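So the chains spell out like this:
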Amino acid sequence: MAEIVSLAEGVARLVHDGDMVAMEGFTHLIPHAAGQEIIRQRRRDLTLVRMTPDIIYDQLIGAGCARKLVFSWGGNPGVGSLHRFRDAVQNGWPVPLEIEEHSHAGMANRYVAGASGLPFAVLRGYSGTDLPKRTDTIKQITCPFTGEQLAAVPALNPDVSVIHAQRADRAGNVQIWGLVGVQKEAVLAAKRSLVTVEEIVDELEPVPGQLILPSWALTCVAVAPHGAHPSYAQGYYERDNAYYAHWDSIGRKRDSFQDWLREKVFTMEGAQ
């Protein structure tokens, strides 16, 4: 059964140096507070997994937490490049970053395979692209029934998956609604899971389109109000578009990024 802990305790217990860490949430419910706590605890040599690494992983990469990124698209949505990501790939700063690139469909199917206890996933995809030449975790496979050539990709089974949700009850059952990506699959595929939530309530009132993650499928739940900011949490707050635009100037230069780390992550104010 999931244990309700503080965010700092959850990260300390579940995220270790050298782990494969998935942090999912698509536009909505991105676990930024957890990402900054991982930075604050100075985790290193992580393999970061995310379908759409945006500024949450720009921050982790710039802070020196990552040695590898497994992804399907990377950028600051609606703004442009991720400058800390680019600096790590092109210049090895603060540490060199290995990349493993897939398509959205490939990544989603990898999570599904991991959650299903299967060794790999099969899909129609990647044809007409150079990705199979550059990514050794994409292989051709022949359908034993039709002879069709398909793509096979290995299952994703992160050491720990981290997501954000709207609320949980006191038994650790988590309720999530709105724009949901692969959060369920990422949690079920992982060895350990940390779910941050806006609040703990006595009872989960039904919401249209809700997804319930049962306590027995989770490891830890931590309360982190506003924990998805600058992304949004439906029913709680809207997306902070100005923050995304401002991140471009913060992340563009090493000095401005390091100033942000000192002021917003490593100070006592940032740690609260």
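An account of the accompanying structure is given in this report. These numbers were taken from a predicted model, which means no experiment stands behind them.

### Thoughts on the overall build of the chain
- Of the regular secondary structure elements, the chain holds 10 helices and 13 strands.
- Over its C-alpha trace the chain gives a radius of gyration of 18 Å, about what one expects of a compact globule, namely 19 Å for 272 residues.
- Along the three orthogonal principal directions, the C-alpha set of the chain runs to about 60 × 45 × 30 Å.
- The buried share among the 272 residues of the chain stands at 53%.
- Put simply, of all contacts in the chain between residues at least 6 apart along the chain, 74% involve residues at least 24 apart.
- Surface summary for the chain: the accessible area is close to 12,200 Å², and the carbon and sulfur share equals 51%.

### Topic: the pairing of strand E11 (residues 192–201)
- The buried fraction of E11 amounts to 9 of the 10 residues, a majority that puts the element mostly inside the structure.
- Pairing geometry for strand E9 (residues 160–169) and E11, over 9 bridges, is parallel. The residue bridging Ile163 from the neighbouring strand is Val195, located in E11.
- Judged from the 4 bridges that link them, E11 and strand E13 (residues 220–223) form a sheet pairing that is parallel. Paired with Val195 across the strands is Val221, a residue of E13.

### Some details on the sheet that holds strand E7 (residues 139–142)
- Sheet architecture is open: 3 strands sit in the order E6-E8-E7, paired in antiparallel fashion. The open sheet terminates on both sides in strands that have one partner only, identified here as strand E6 (120–123) and E7. For this sheet, the mean inter-axis angle between neighbouring strands, taken without regard to orientation, is 40°.
- Of the pairings in the sheet, the one linking E7 to strand E8 (residues 149–154) comprises 4 bridges and is antiparallel in character. Across the sheet, residue Ile141 finds its bridge partner in E8, namely Leu150.
- Strands E6 and E8 of the sheet are contacted by helix H5 (residues 104–116), whose axis makes an angle of about 140° with E6.

### Focus: the packing of helix H3 (residues 55–62) against helix H4 (residues 83–91)
- Relative orientation of the contacting elements H3 and H4 amounts to 45°, with a least axis distance of 7 Å. For the element pair H3 / H4, the angle class is oblique. Like other packed secondary-structure pairs, H3 and H4 cross with a definite hand, here left-handed. Contact residues: Asp58, Ile61 and Gly62 in H3; His83, Arg84, Phe85 and Ala88 in H4.
- Classifying every residue of the contact of H3 with H4 by side-chain character gives 3 nonpolar, 2 polar and 2 charged.

### What to know about the nonpolar core
- Membership of the largest hydrophobic core comes to 41 residues, with the highest contact counts inside it found for Met23, Leu48, Leu60 and Ile61.
- At 5 residues, H3 tops the list of elements feeding residues into this core.
- Look past the residues within four positions of Met23 in its chain and what remains in contact with it is Pro31, Ala34, Gly35, Ile38, Val49, Arg50, Ile56, Tyr57, Leu60 and Val162.
- Counting 17 residues, the second largest nonpolar core, distinct from the first, contains Ala168, Val174, Val197 and Val221.

### Let's talk about the packing of aromatic side chains
- Enumeration according to the criterion identifies 5 aromatic pairs in this entry.
- Aromatic side chains Trp247 and Trp260 sit 4.9 Å apart centroid to centroid with 85° between the ring planes, which places their arrangement in the edge-to-face category. Taken together, the residues Trp247 in helix H8 (residues 241–252) and Trp260 in helix H9 (residues 254–265) connect sequence positions 13 residues apart.
- Joined through ring pairs, the aromatic side chains of Trp247, Phe257 and Trp260 make up one cluster.

### Observations regarding the pattern of salt bridges
- Throughout the structure, instances matching the rule amount to 19 salt bridges.
- Arg84 is paired through a salt bridge with Asp87; the nearest N and O atoms lie 2.7 Å apart. In this pair, Arg84 and Asp87 are both assigned in helix H4, 3 residues apart and thus about one turn of the helix distant.
- Asp202 is paired through a salt bridge with Arg170; the nearest N and O atoms lie 2.5 Å apart. Highlighted residues: Asp202 in the loop between E11 and strand E12 (211–213) and Arg170 in the loop between E9 and strand E10 (174–176), separated in sequence by 32 residues. Comparing Asp202 with Arg170 shows no difference in burial state: the two are exposed.
- Look at the salt bridges and you will find they share partners, linking Arg67, Lys68, Glu98, Glu100 and Arg110 into a network.

### Notes on the state of the cysteines
- Going through the model one piece at a time under the given rule, you end up with 0 disulfides.
- Cys65 forms no disulfide, and the closest cysteine sulfur to it belongs to Cys220, at a distance of 20 Å.
- A relative accessible area of 0% means that Cys65 is categorised as buried.
- The buried category is assigned to Cys220, whose relative accessible area is 0%.

Calculation notes
Sequence order as written defines residue numbering, which begins from 1 separately in each chain. Since the coordinates come from a predicted model, pLDDT governs what is reported: local features require at least 70, and pairs of side-chain atoms require 80 or more to be given and counted, while whole-chain, interface and lining totals use all residues. Water and hydrogen atoms play no part in the side-chain values, which are based on all heavy atoms of the structure. In DSSP terms, a helix is any run of H or I states spanning at least four residues, a strand is any run of E spanning at least two, and both are numbered starting from the N terminus. We compute the radius of gyration from the C-alpha atoms alone; for a globule the expected value is 2.2 Å times N to the 0.38, where N is the number of residues. Only protein chains enter the accessibility calculation, which uses a 1.4 Å probe; a residue whose area is less than 20% of its type maximum is buried, one above 50% is exposed, and one in between is partly exposed. In this analysis, two residues are considered to be in contact whenever any of their non-hydrogen atoms come within 4.5 Å of each other. Surface accessibility follows the Shrake-Rupley procedure with a 1.4 Å probe radius. Residue values consider only the protein chains on display as shielding. When DSSP finds two or more bridges between two strands, those strands count as paired. In this analysis an axis means a line fitted to C-alpha atoms, helices contributing only their contacting stretch, and an angle means the value between N-to-C directions, from 0 to 180 degrees. Note that the term roughly parallel is reserved for angles under 35 degrees, roughly antiparallel for angles over 145, roughly perpendicular for angles of 65 to 115, and oblique for everything else. Should the near helix be turned counterclockwise from the far one by less than a right angle, the crossing is left-handed, whereas a clockwise turn marks it as right-handed. The nonpolar class holds Ala, Val, Leu, Ile, Met, Phe, Trp, Tyr, Cys and Pro. Asp, Glu, Lys and Arg form the charged class, and all remaining residues, Gly among them, are polar. By convention a nonpolar core is built from buried Ala, Val, Leu, Ile, Met, Phe, Trp, Tyr and Cys residues, the set being connected through side-chain atoms within 4.5 Å. Pairing of aromatic side chains here covers Phe, Tyr and the six-membered ring of Trp, requires ring centres within 6.5 Å, and sorts the geometry by plane angle: under 30 degrees stacked, over 60 edge-to-face, intermediate tilted. A pair is scored as a salt bridge if a Lys or Arg side-chain nitrogen falls within 4 Å of a carboxyl oxygen belonging to Asp or Glu. Note on terminology: disulfide denotes any pair of cysteine sulfur atoms within 2.5 Å.

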